[in-house]
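An overview of the molecular structure
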Amino acid sequence: MTDAPSFTFPDDARGELDKALGDLMSRAQDVLATQGRLRALLRANQAVIEHIDLPVVLQRIVEAAVELVGAQYGALGVISPDGGLEQFIHVGMPDELATEIGHLPEGHGLLGALIEDPHAIRIPELSDDPRSVGFPAHHPPMHSFLGVPIRVRDEVYGNLYLSNQSSGEFSDEDESLVIALAATAGIAIENARLFAETHRRQAWAAASAEITAALLSSDEVDVVSTLATRVLTLSDADVVWVLQATDDDDYMRVETARGIDEELIQGTRVAVTGSLSASVLEGRQPRLVDDSAEYNLVLSGGRALGPVMAVPLVSLGRATGVLLVGRLRQAPRFRRSDLEMAADFAGQASVAMELAEARTTRERVALLEDRGRIARDLHDHVIQQLFAAGMELQTVAGATSPQIAERISKTVADIDGSISHIRTVVFALSRPAAERNTTVRHAIIDLANEVAPRLARTPNVSFSGPVDLIITGSLADDVIAVVREALMNVVKHAAAQNTSVELAITDDEIQLRITDDGHGSEGSSRRSGVANLEHRAAQRGGSFDFRSDETGTQVIWSVPIGDPA
Amino acid sequence: MIRVFLVDDHELVRRGIAALLTAEPDIEVVGEAATAAQARGRILATRPDVAILDVRLPDGSGIDVCRDVRSQNPDVKCLILTGYDDDEAIYAAVLAGAAGYVIKDVQGSGLIDSLRKVAAGTKLIHPSMSGRVVQRITDTHQADPRLESLSTRERDILPLIAEGLTNREIGERLGLAEKTVKNYISGLLSKLGLQRRTQAAVLHLENRSGPLTL
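Quick summary incoming for the structure in this document.

A short note on the overall build of chain A
Each helix and strand in chain A was counted, giving 14 helices and 16 strands. Residues counted as buried form 33% of the 565 residues belonging to chain A. Counting contacts in chain A only where the partners sit at least 6 residues apart, residues at least 24 apart contribute 60% of the total.

In structure tokens, the structure reads:
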């Protein structure tokens, strides 16, 4: 043994110290590691919240999660209202591989378990878990798994799926971190949604303002078509149709079509029975249909509409049309806010239609007023002056030589002819078009105008006697038929320059005279055309006279005045 | 001698007719008026055999003048003269209680002929025609619920008008004061008179119905 002082440390104590030091260092390392992970979480949070566009936000969430826990694959499944997965954003899987696998996960197996019970799931080996349903062909192997739900407000928005942790399996800490990230993700998604909604409402308000301005402007812009175009973009739709009721109760007409096949669809008639439009018109309530398959709204190329919104157009208390907004089958469904917007535009469309109709009515009133004024002028001035002048001439005629008197008399006859024409014009101008055909005179004037384009000149029409008072009912039908046939004969055979129709009531009979200066009757065809006229006269105890030569043709059809029809 | 009174707001027309009438040895023009107000007083003062009245006057209608005059003096016969067509004229004449009507047509109207017949007491409008007019008015107005339909009194009065009775005679038949009858008839005329075309237009516009047509 040497006396050299030996400085020894008791083994026990040293062991303790080493252990303590070791512990300390390990704790310090732990703290550092934890700090590092917390920093990573902060970074991840920041990455998630610094974006505002929803698709980008979703992508960032997955990327951040994958990085945070060192997973090989990551994905975010957005849950659709009917339970499955609406969107699936994935990271780590090469695109070509994803294409090879084909369809995206639909939310069965483990993914489904997470949808049904939104709590974190952590599994070391997927294939050992009874809930796993296996993978489709070409799918890369996955082992460790971590699934965490993302809540937006109190609703489960979707799930974060992570797999193949780099060190084998996911730890408690990994789970805590991803849950923390999911909370941030929820807020980021909510923000992005609110932002998108605000953005949409802004665009909607702008479009509304634009349409209101168009409505108020006096220019004849097609407001409904502008509106349909705006709705198409704003609601991200594939088609927008404005359907209107027609005279036929069984059909509606697509007055305005925008979007796919717009040229093909615009103007087509649609059967009302059993249609979506009919249900909306009847209920007077907008409808949101997620799958319109039962209504069979098919477009060209085998495409069909899926989600559809239908809003009734109510004008003056009557539902007269439908605004139909649709997306192709498989496209995302419309939301309540989309329907709100469509209803708002439908309201504007109704106003536009009412305005357009009011405008048409105003024009019609102006036209009627104008016609009335012209008729009054003709009556109050032109007829009076012609009549007065004729009277004077007549008086003068009495005081002159017979030759001059004869010439004056001819002139007066011309004046009378003019007065008679003006009188017919005054009559034709005085009644609105819709009321025509209710009297014999209007019917005959209309007939003359109808054949006019096929003749050299419009036939001269004149009446004498209370024609409308006497000729009514079936007698009126006969007279109109005779005029029509006689005029058609002139059109077909006579090649006339001048045609005239004179209808006169005398004391006891009605006489209709149709003359033309054409080349007369040629053979039997024209003769047979008048046989019917002869028959009509005979049935009423009247007479029929047909004279034709190369200078012209004259048809005289007369029947006795019977008792009031 | 047939004594004639002329009512027309166009001086040229009055002059022309006067010239034509005075050329006849048995016709004498005893007075003229351009307005309804002038006409009422002057006709009653001159007591002509026949008054020739234009329907449209600046201050009223020849129909009213005719009814007023004939209520005061049923011996005065009226002949309605109009620039409108026969259908319009016959309504006017029936409502006025006139003996007949003549449309403004220089050669074809047979003014002098008609004048002589009326002066001799002939009614130019056959009762069956007046009947048709009344029938038509009633039908038209029943078919148009929107157009104020005629009141019961107005319906009672219409056929009597068609018989050619004066306001006084109608009053006696229905037990009403002449003034009351006059008021009913004014209301009736404003509903049916020569305004009916305008009313038809208004009615037509108000009745626009059916689906929109955009």
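Regarding the packing of helix H9 (residues 336–398) of chain A against helix H10 (residues 402–430) of chain A
Residues and elements named next belong to chain A. Two elements in contact, H9 and H10, have axes separated by 9 Å at closest approach and are oriented at 165°. Considered as vectors, H9 and H10 are oriented roughly antiparallel to each other. Where H9 crosses over H10, the two elements pack in a sense that is left-handed. Residues that form the contact of H9 with H10 fall into these classes: 20 nonpolar, 8 polar and 3 charged.

Looking at the sheet that holds strand S3 (residues 50–54) of chain B
All names here are of chain B. Taking strand neighbours across the sheet as the criterion, the 5 strands line up as S2-S1-S3-S6-S7 in an open arrangement whose pairing is parallel. Of all strands in the sheet, those bounded by a partner on one side alone are strand S2 (27–33) and strand S7 (100–103). Each strand of the sheet is rotated relative to its neighbour by a mean of 25°, with strand direction disregarded. Two strands pair when backbone bridges link them, and strand S6 (residues 77–82) and S7 are joined in this way by 4 bridges, in the parallel orientation. Across the sheet, the residue bridging to leucine 81 is valine 102, located in S7. Sheet contacts for helix H1 (residues 11–22): strand S1 (2–7), S2 and S3; angle to S2, the most-contacted strand, approximately 165°.

Details of unusual backbone geometry
Comment: phi is negative for the bulk of residues other than glycine, and the bulk of peptide bonds are trans. A positive phi angle, near 55°, is found at aspartate 236 of chain A, a position not held by glycine. Unusually for a residue other than glycine, arginine 47 of chain B sits at a positive phi of about 45°. In this fold, arginine 47 of chain B is placed in the loop between helix H2 (36–46) and S3. Look at arginine 47 of chain B and you get partly exposed, because 14 C-beta atoms sit within 10 Å.

As for the environment of alanine 183 of chain A
Residue and element names in this part refer to chain A. If you trace the backbone, alanine 183 turns up in helix H5 (residues 172–216). A residue is classified by how many C-beta atoms lie within 10 Å of it, and alanine 183, with 14 of them, is partly exposed. Measuring from C-alpha to C-alpha, the distance between alanine 183 and isoleucine 150 comes to 6.7 Å, with 33 residues separating the pair along the chain.

What to know about the sheet that holds strand S6 (residues 239–245) of chain A
Residues and elements named next belong to chain A. Spatial strand order, S8-S7-S6-S11-S10-S9: 6 strands in an open sheet with antiparallel pairing. Looking along the sheet, the strands with just one partner apiece sit at the ends: strand S8 (269–271) and strand S9 (287–289). Neighbour-to-neighbour, the strand axes of the sheet open up by a mean angle of 25°, direction not taken into account. Contacting S6, strand S7 (251–259) and strand S11 (318–328), helix H6 (residues 223–234) runs over the sheet at an angle of about 60° to S7. Against the sheet, H9 engages S6, S9, strand S10 (305–315) and S11, with an angle of about 40° to S10.

As for helix H3 (residues 62–72) of chain B
In terms of burial, H3 of chain B is a largely internal element, 10 of the 11 residues being buried. Restricting attention to buried positions, one finds in H3 of chain B the residues Gly62, Ile63, Asp64, Val65, Cys66, Arg67, Asp68, Val69, Arg70 and Ser71 of chain B.

A closer look at the nonpolar core
Ranked by internal contacts, the top residues of the largest apolar core, which has 102 residues, are Leu79 and Ile80 of chain B. The element that contributes the greatest number of residues to this core is helix H4 (residues 86–96) of chain B, accounting for 8 residues. The next biggest cluster of nonpolar side chains, apart from the first, holds 43 residues, and it includes Trp241, Val289, Val325 and Ala352 of chain A.

Considering the packing of H9 of chain A against H1 of chain B
A pair of packed helices can be characterised by two numbers: the angle between their axes and the separation between those axes. Where H9 of chain A contacts H1 of chain B, the axes come no closer than 8 Å and their chain directions differ by 25°. The angle between H9 of chain A and H1 of chain B places the two elements in the roughly parallel class. Between H9 of chain A and H1 of chain B lies a crossing whose hand is left-handed. Contacts between H9 of chain A and H1 of chain B involve Gln384, Gln385, Phe387, Ala388, Met391, Glu392, Gln394 and Thr395 of chain A from the former and Leu12, Val13, Gly16, Ile17, Ala19 and Leu20 of chain B from the latter. Here the contact of H9 of chain A with H1 of chain B is built from residues that sort into 8 nonpolar, 5 polar and 1 charged.

Things to note about the pairing of S10 of chain A
Remember that side chains alternate between the two faces of the sheet whenever the strand is regular. All names here are of chain A. In terms of burial, S10 is largely enclosed, as 9 of its 11 residues are buried. Sheet topology note: the S9/S10 ladder contains 3 bridges and is antiparallel. Within S10, the position partnered with valine 289 by the bridge is valine 308. As paired elements, S10 and S11 share 9 bridges and run antiparallel to each other. Bridged to valine 314 within S11 is alanine 319. Counting the residues that bridge the hairpin from S10 to S11 gives 2 residues, and of these leucine 316 lies at a positive phi of roughly 50°.

Scoring rules and cut-offs
- All residue numbers here refer to positions counted from 1 along the written sequence of the relevant chain.
- By the order in which they are written, chains take letters starting at A while ligands take numbers starting at 1.
- Thresholds applied to this predicted model are a pLDDT of at least 70 for local features of residues and 80 or more for the giving and counting of side-chain atom pairs; totals over whole chains, interfaces and linings are not thresholded and use all residues.
- A helix here means a DSSP run of H or I that spans at least four residues, while a strand means a run of E at least two residues long, and both kinds are numbered starting from the N terminus.
- Here a residue counts as buried when 20 or more other C-beta atoms sit within 10 Å of its C-beta, as exposed when there are 12 or fewer, and as partly exposed otherwise, the C-beta atoms being derived from the backbone.
- The contact criterion used here is simple: two residues whose C-beta atoms, placed from the backbone, lie within 7 Å are in contact.
- Fitted lines through C-alpha atoms give the axes, limited to the stretch in contact for helices. The angle between two N-to-C directions lies from 0 to 180 degrees.
- Reported orientations rely on four angle classes, namely roughly parallel under 35 degrees, roughly antiparallel over 145, roughly perpendicular from 65 to 115, and oblique for the rest.
- Should the near helix be turned counterclockwise from the far one by less than a right angle, the crossing is left-handed, whereas a clockwise turn marks it as right-handed.
- Three classes are used, and their members are as follows: Ala, Val, Leu, Ile, Met, Phe, Trp, Tyr, Cys and Pro are nonpolar, Asp, Glu, Lys and Arg are charged, and the others, Gly among them, are polar.
- When DSSP finds at least two bridges between two strands, those strands are taken to pair.
- Note on definitions: a nonpolar core is a set of buried residues drawn from Ala, Val, Leu, Ile, Met, Phe, Trp, Tyr and Cys, linked by C-beta atoms within 7 Å.

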